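One letter stands for each residue in the lines below.
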Amino acid sequence: MKIKEIQEEIVDEFSMFDDWMERYEYIIELGKKLPLIKEEYKTENNIIKGCQSKVWLQGEQTDDKIVFTADSDAILTKGIIAILIRTFSNQKASDILEADMNFIDEIGLKEHLSPTRANGLVSMIKNIKMYALAFNAQN
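Residues numbered from 1 in each chain as written. Predicted model: local features only at pLDDT ≥ 70, side-chain atom pairs only at ≥ 80, totals over all residues. Heavy atoms only, no water.

A.B. asks: Whenever I open this one, unusual backbone geometry confuses me. Can you help?
C.D. replies: Trans peptide bonds make up the majority, and among non-glycine residues the majority have a negative phi. Backbone geometry places Asp63, a non-glycine residue, at a positive phi of 55°. Within the secondary structure, Asp63 is located in the loop between β1 (55-62) and β2 (65-72). Under the relative-accessibility criterion, Asp63 is labelled exposed at 76%. (Helix = DSSP H or I, 4+ residues; strand = E, 2+ residues; numbered from the N terminus. Buried < 20%, exposed > 50% of the residue type's maximum accessible area, 1.4 Å probe, protein only.)

A.B. asks: What am I meant to see in helix α1 (residues 3-15) here?
C.D. replies: Count 3.6 residues to each turn of an α-helix, and residues three or four apart come out pointing the same way. The end-to-end C-alpha distance of α1, which contains 13 residues, comes to 18 Å, matching closely the 18 Å that a straight helix rising 1.5 Å per residue would cover. Buried within α1 are the following residues: Ile3, Ile6, Gln7, Ile10, Val11, Glu13 and Phe14. Along α1, the residues classed as buried sweep out an arc of 160° about the axis, all on the same side. (Expected span 1.5 Å × (residues − 1). Arc of directions from axis to C-beta.)

A.B. asks: Teacher, can you tell me more about the UniProt feature "domain: Fe-S metabolism associated" (unreviewed entry) in the chain here?
C.D. replies: When the UniProt feature table is mapped onto this chain, "domain: Fe-S metabolism associated" (unreviewed entry) is found at residues 11-130. In residues 11-130, the share of helix is 50% and the share of strand is 15%. The end C-alpha atoms are 25 Å apart. (UniProt positions renumbered as here; feature names shortened; annotations may be inferred.)

A.B. asks: Help me understand the nonpolar core, please; the structure alone is not making it clear to me.
C.D. replies: Generally speaking, nonpolar side chains in soluble globular proteins are found buried as a group. Grouped together as the largest cluster of nonpolar side chains are 44 residues, with contacts concentrated most on Leu57, Phe68, Ile81, Leu84, Phe88 and Leu109. Within the residue set of this core, elements represented by two or more residues are α1, α2 (20-33), β1, β2, α3 (75-88), α4 (93-98), α5 (102-106) and α6 (115-138). (Core = buried A, V, L, I, M, F, W, Y, C linked by side-chain atoms within 4.5 Å.)

A.B. asks: Would you mind going over the packing of α3 against α6 with me for this structure?
C.D. replies: Helix packing geometry: the angle between the two helix axes and the distance between the axes. Following both chains from N to C, one finds α3 and α6 inclined at 30°, their axes separated by 11 Å at the closest point. With respect to each other, α3 and α6 are oriented roughly parallel. Where α3 crosses over α6, the two elements pack in a sense that is right-handed. Taken together, the residues of α6 that come into contact with α3 (itself represented by Leu76, Thr77, Ile80, Ile81, Leu84 and Phe88) are Arg117, Leu121, Met124, Ile125 and Ile128. When its residues are assigned to classes, the contact of α3 with α6 shows nine nonpolar, one polar and one charged. (Axes fitted to C-alpha atoms, helices over the stretch in contact; angles between N-to-C directions. Parallel < 35°, antiparallel > 145°, perpendicular 65-115°, else oblique. Left-handed = near helix turned anticlockwise from the far one by under 90°. Contact = heavy atoms within 4.5 Å. Nonpolar A, V, L, I, M, F, W, Y, C, P; charged D, E, K, R; others polar.)

A.B. asks: Before we go on, may I ask you to explain the environment of Leu97 in this structure?
C.D. replies: If you trace the backbone, Leu97 turns up in helix α4. According to the relative accessible area criterion, Leu97 is partly exposed, its value standing at 28%. Put simply, Leu97 and Ile128 are 31 residues apart on the chain and 9.0 Å apart in space, counted from C-alpha to C-alpha.

A.B. asks: Any chance you could explain the pattern of salt bridges here in plain terms?
C.D. replies: Once their charged atoms are close, side chains differing in charge can pair, the charge on each being opposite to the other. For the structure shown, the criterion picks out seven salt bridges. Salt-bridge contacts for Lys42 lead to Glu39; the nearest nitrogen and oxygen are separated by 3.8 Å. For Lys42, a relative accessible area of 27% gives the class partly exposed. Given the relative accessible area of 59%, Glu39 is considered exposed. As a salt-bridge pair, Asp71 and Lys78 come within 3.2 Å of each other at their nearest N and O atoms. Accessibility expressed as a relative area gives 5% for Asp71, which makes it buried. What emerges from the salt-bridge pattern is a single network uniting Glu39, Lys42, Asp71 and Lys78. (Salt bridge = Lys/Arg side-chain N within 4 Å of Asp/Glu carboxyl O.)

Laid out in structure tokens, this is it:
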């Protein structure tokens with residue numbers, strides 16, 4: 001699936017919920033389903049700076065796609081990174097760099113997060129784009 005299609009799927013899923021408590025619960029459920037990152041990747045180098053809680057992000061290039069794994073010590077944050085991983089893992093670096101992030105606003109995520117969590121979300125996106133930039137430069 002292309003990034004845009006995945007984003008539209010996520011927007012559709014979030015539109016099924018009437019209020020933000022239901023959406024928070026859904027985000028937490030997504031976090032619980034996030035495949036575990038290997039312990040060897042839970043290093044200081046893989047911690048995303050700017051997040052209130054600890055978030056580890058690891059990206060590897062497989063063929064021409066980047067595969068991301070992540071984890072967090074906070075349940076809501078883990079759900080947020082799960083949404084981003086679902087969107088950007090197994091995608092080409094150039095597609096990640098070109099992707100627009102409007103779906104974050106469409107699901108209302110940023111406006112319903114505390115300022116520190118919203119900053120963390122921006123940092124997560126920035127790190128994903130940095131991986132894409134690095135892998136794109138290698139090709």
